[in-house]
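Next come the chains, spelled out residue by residue.
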Amino acid sequence: MACVVPETDAPEPVSAGTTGLTRSAYRVSVTETTHQQPAGAPRAGDGHRSPEYRLARNSLRGLREDLFLDPFAYRPLPPRRTDGPFVRRLPERMRSAAERLPHVLVGGIALLTLLIGAVSGSEPGGDAPALLTGLLCALPVAATLTRPVGAFWLSIAASPVTALLNGGGYDWPWMPGAFVSHLTVLVVVALRTRPRTAVWMWVVTAAYAVLADVFMGGSYYYTNGGPMLITSAFALLVVCLWHVRHTARQEVTAQQTVTEQERSRRTLLEERTTIARELHDVVAHHMSVVAIQAEAAPYRVENPPPELERAFVTIRENAVAALTELRRILGVVRAEDYEAPDAPQPTLADLDALLVNVRDAGLTVEKAVTGAVRELPQGVELSAYRIVQEALSNSLRHAPGADARVEIGYVLGGLGIRVVNGPMPEPSLVKPSPGAGHGITGMRERVAMLNGEMTAGPTEDGGYEVAVFLPVTAADKGDA
């Protein structure tokens, strides 16, 4: 007979469910019947039972779940996978044809068993019993494509029927066609299931052979039960060894995948640490110099005006605040697992302090709040504060000396924000300092994260306007 050799299979699960095991046969995925209770797991009331009793009960449970629990469930054999080392080198048309190679192979063996069964009776191919014998031999083989466990029981049931239909034959309990059919069914079903199911099928086959020889084999002087058991044992042993090898190979592959992920994770952490170190060496150093020079500058001028002293104090405070924020961000970058910082994040309640800071930097800004002020979700509060902060920073850089206005509107469906600045006065002692252009992008990302809307662009008088709406759902209000 033609040997059906699959290429891949899935590992056995430690514990399974009635329909949980996904297995690959012939490089295809097939769902097979398994069990929910892990093998050997103790149950309530088993404390006084002997280990032998528990072993026997678990074995009988495995027999029931493998061969008796919904044996005729519909489990079609999916197409063969085409990503193997040999098949993927074939042309496209041949790869498509290779998907159905297992089905064609099983169908060819079914046709072979039909011919053997039809010509091996007392009147080879010459009567209706011979044709019926061939059909009974081919049916279990064909059934392995859709109902593998049921095909095994069909083969067991068809064996005595084919022997009785050919009463003048010399083989018992398997006629030649039934012999080929049952051996094929054992191998294909073992490939599609797992080693434990193969063992139970061989045990049932041995029990049938013994019972058939003792109770029904009186009129036959030759029995082929021994050859069937020996041949099927060797075939199933090969299949079980293939399962074990494939399971070990999958475990090695899984371990290699985990190792590769850990290596990638460690590399990423090292890169993040390097970035954090570079940021600290470059930015933190310069910000520290700015803070120190701002603190020492008033003492280098005799009788400095109060405005100059306040300007240096503001510079120093901003530099220290920037250093604090930078160290916090670097801590997040260095950390392997991010955790929320202990320091509270700014909210709209801190907006007045931000406006005071901006006024000290030379920007005339006023604030207007409409609607009933209420507490909003933390993400909305933080994003609103950062948006206003970035918009005012843009006004300081691009339009120094201009006037700005911040409008906060608490409406029923969310929060409205509008930051608008006028044109830069002419002439101006301070020149604009354009940035990298990431401010507007950052604001849009924050708004998109909250499913909000944002518009930004120049106004008719030469200024610039940023308008944002951040929705707040009922669930968010309740969580706030």
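Remember, it's a predicted structure, so these values are computed and weren't measured experimentally. (Residues numbered from 1 in each chain as written. Predicted model: local features only at pLDDT ≥ 70, side-chain atom pairs only at ≥ 80, totals over all residues. Heavy atoms only, no water.)

Student: I'd like to hear about the environment of Ile387, residue by residue, with values.
Tutor: Mapped onto the elements of the fold, Ile387 is located in helix 11 (residues 378-398). Residue classification places Ile387 among the buried residues on the basis of a relative accessible area of 0%. A sequence separation of 53 residues divides Ile387 from Ile440, and the C-alpha atoms of the two residues are 9.0 Å apart. Ignoring sequence-local partners within four residues, the contact set of Ile387 consists of Met443, Arg446, Val447 and Val468. (Helix = DSSP H or I, 4+ residues; strand = E, 2+ residues; numbered from the N terminus. Buried < 20%, exposed > 50% of the residue type's maximum accessible area, 1.4 Å probe, protein only. Contact = heavy atoms within 4.5 Å.)

Student: Describe the confidence of the model for the chain, listing the residues and the values that go with them.
Tutor: Parts of the prediction with low pLDDT should not have their coordinates interpreted in detail. Model confidence for the chain is summarised by a mean pLDDT of 78, while 76% of its residues fall at 70 or above. Per-residue pLDDT stays below 50 along residues 1-40; that stretch engages in 135 contacts with residues further than four places along the chain or on separate chains. A low-confidence stretch, residues 475-480 (pLDDT under 50), is modelled with seven contacts involving residues beyond four sequence positions or located in other chains. (pLDDT = per-residue confidence, 0-100.)

Student: Explain the side chain of Thr193 to me, and be specific about the residues and the numbers.
Tutor: Inspection of the secondary structure puts Thr193 in the loop between helix 6 (176-192) and helix 7 (195-216). Assessed through its relative accessible area of 5%, Thr193 is described here as buried. From its side chain, Thr193 meets the backbone oxygen of Val189 in a polar contact 2.7 Å long. (Polar contact = N/O pair within 3.5 Å; in protein donor to acceptor, adjacent residues only side chain to side chain.)

Student: Summarise the pairing of strand 6 (residues 453-458); cite the residues concerned and give the values.
Tutor: Regular strands show a simple pattern: their side chains alternate between the two faces of the sheet. Two elements, strand 6 and strand 7 (residues 464-471), share six bridges in a ladder whose sense is antiparallel. Paired with Ala456 across the bridge in strand 7 is Val466. Counted along the chain from strand 6 to the antiparallel partner strand 7, the turn is five residues long, and its residue Gly462 has a positive phi close to 95°. (Pairing = 2+ DSSP bridges.)

Student: With reference to specific residues and values, describe the packing of helix 5 (residues 148-165) against helix 7.
Tutor: Between helix 5 and helix 7, the least distance of the axes is 12 Å, while the angle of their chain directions is 15°. Viewed along their axes, helix 5 and helix 7 adopt a mutual orientation that is roughly parallel. Our pair here, helix 5 against helix 7, has a crossing hand that is right-handed. Here Phe152, Trp153, Ile156, Ser159 and Pro160 of helix 5 lie close against helix 7, whose contacting residues are Met201, Val204, Thr205 and Tyr208. Here the residues of the contact of helix 5 with helix 7 sort into seven nonpolar, two polar and no charged. (Axes fitted to C-alpha atoms, helices over the stretch in contact; angles between N-to-C directions. Parallel < 35°, antiparallel > 145°, perpendicular 65-115°, else oblique. Left-handed = near helix turned anticlockwise from the far one by under 90°. Nonpolar A, V, L, I, M, F, W, Y, C, P; charged D, E, K, R; others polar.)

Student: Account for empty space enclosed by the protein, naming residues and giving values.
Tutor: A complete count under the given rule lists two cavities of 30 Å³ or more for this structure. Estimates place the volume of the second largest cavity at around 40 Å³. Residue lining of the second largest cavity: Leu136, Cys137, Pro140, Ser155, Ala158, Ser159, Thr162, Ala178 and Ser181, and that is the complete set. Those elements giving two or more residues to the lining of the second largest cavity turn out to be helix 4 (128-143), helix 5 and helix 6. A per-element tally of the lining of the second largest cavity places helix 5 first, with four residues. Residue composition of the lining of the second largest cavity, by class: five nonpolar, four polar and no charged. (1 Å grid on protein atoms, 1.4 Å probe; cavity = no way out; pocket = protein on both sides within 12 Å on 5 of 7 lines; lining within 4 Å. Points joined across faces, edges and corners; volume = space filled by probe spheres on them.)

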